Amino acid sequence: MKIKRLICLVFAMCFFLVGCLGNDSSKNEKDDYKAIQTLTDELRTLSSSSLMSSVGENGSWNVYELGLMYEKDDEFFKKLRADLGENFHWKLSNGDSLFIGILPHRKSFRIYAGTPDEAHMIYPDWNYERLKKH
C-alpha cells in the first residue's frame, strides 16, 4: 500500500515538473517572437530615415551581430540602441544571436539568427528552423 502511494507521488511530481518546464520554454519563445517583432518594427522605421543610408558600404549587404549596437558609435547604431533600449535581448532563448543585414542604397534590411546566411534568415523570408514561424 505504501509503495503504491510512493509510486503515485513520484508520477505526480514528474508530471508537475514536465508541466513547469514546458511552460517555461513557451514563455521563452514568446519573448523571442516579441524581440524579433520589436526589431523588425524598429528596422522598418529606420529604413525610412536617412540613417540607414549611412551604414557601411553603400552597394553591398553589411551584416552586424546585433550585440554590436552597444559598441558602435555611429548615428544609426546610437538610434537603434536608444529605441530598443539598453536591455534589449539580442540573443534568443536557444542561445542564437540576432544579426541584421543592411543594404544602404536600397534602405533594405534582413534579420538572421545564429548565423547570418540564407538558411538562418528570419526576415523577410522565414527560413530559420530552430524557431517556428509565428
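Residues numbered from 1 in each chain as written. Predicted model: local features only at pLDDT ≥ 70, side-chain atom pairs only at ≥ 80, totals over all residues. Heavy atoms only, no water.

## So, the nonpolar core
Ranked by internal contacts, the top residues of the largest apolar core, which has 26 residues, are L39, L43, F76, L80, L98 and I100. Residue assignment for this core shows that the elements contributing at least two residues are α1 (2–47), α2 (75–84), β2 (98–103) and β3 (108–113). The element that contributes the greatest number of residues to this core is α1, accounting for six residues. Non-local contacts of I100, meaning those with residues more than four positions away in its chain, are made with L39, L43, N62, V63, Y64, L66, F76, F77, L80 and R110. (Core = buried A, V, L, I, M, F, W, Y, C linked by side-chain atoms within 4.5 Å. Buried < 20%, exposed > 50% of the residue type's maximum accessible area, 1.4 Å probe, protein only. Helix = DSSP H or I, 4+ residues; strand = E, 2+ residues; numbered from the N terminus. Contact = heavy atoms within 4.5 Å.)

## Side note on the environment of N58
Note that N58 resides in the loop between α1 and β1 (62–65). In this structure N58 comes out as partly exposed when scored by relative accessible area, which is 43%. Distance from N58 to R106, taken between C-alpha atoms, is 8.6 Å for residues 48 residues apart in sequence. Ignoring anything within four residues of it in the chain, the contact list for N58 reads S53, L103, P104 and H105.

## Description of unusual backbone geometry
For the bond running from Y123 to P124, omega is 10°, close enough to zero to count as cis. Among the secondary structure elements, P124 is positioned in the segment after β4 (121–123).

## A short note on the environment of E71
As for its position among the elements, E71 is in the loop between β1 and α2. Each C-alpha atom, one on E71 and one on R81, is 9.8 Å from the other, the two residues being ten residues apart in sequence.

## Focus on the sheet that holds β2
Strand pairing in a sheet relies on backbone hydrogen bonds, with the paired strands running either antiparallel or parallel. Pairing is antiparallel across the open sheet formed by four strands, whose spatial order is β1-β2-β3-β4. This sheet does not close on itself; its edge strands, each paired only once, are β1 and β4. Adjacent strand axes in the sheet meet at a mean angle of 30°, parallel and antiparallel pairs treated alike. Where β2 meets β3, six bridges bridge the pair, whose relative direction is antiparallel. When the bridges of β3 are listed, G101 appears paired with R110. (Pairing = 2+ DSSP bridges. Axes fitted to C-alpha atoms, helices over the stretch in contact; angles between N-to-C directions.)

## Things to note about the side chain of E42
Checked against the element boundaries, E42 lands in helix α1. Although E42 lies buried, it forms no salt bridge, and the closest oppositely charged side chain, K79, sits 5.4 Å away as judged by the N-O distance. Setting aside chain neighbours within four positions, we find E42 in contact with K79, L80, D83 and L84. (Lys, Arg positive; Asp, Glu negative; His and termini not counted. Salt bridge = Lys/Arg side-chain N within 4 Å of Asp/Glu carboxyl O.)

## Let's talk about the pattern of salt bridges
Tallied over the entire structure, the rule returns five salt bridges. Between R44 and D41 there is a salt bridge, with its nearest N and O atoms 3.5 Å apart. In this pair, R44 and D41 both sit in helix α1, three residues apart, roughly one turn of the helix. The exposure class assigned to R44 is partly exposed, which follows from its relative accessible area of 41%. The salt bridge involving E75 is made with K78; its shortest N-O contact spans 3.6 Å. Taken together, the residues span about one helical turn, with E75 and K78 both in helix α2 at a distance of three residues.

So yeah, pure geometry; function would need other evidence.
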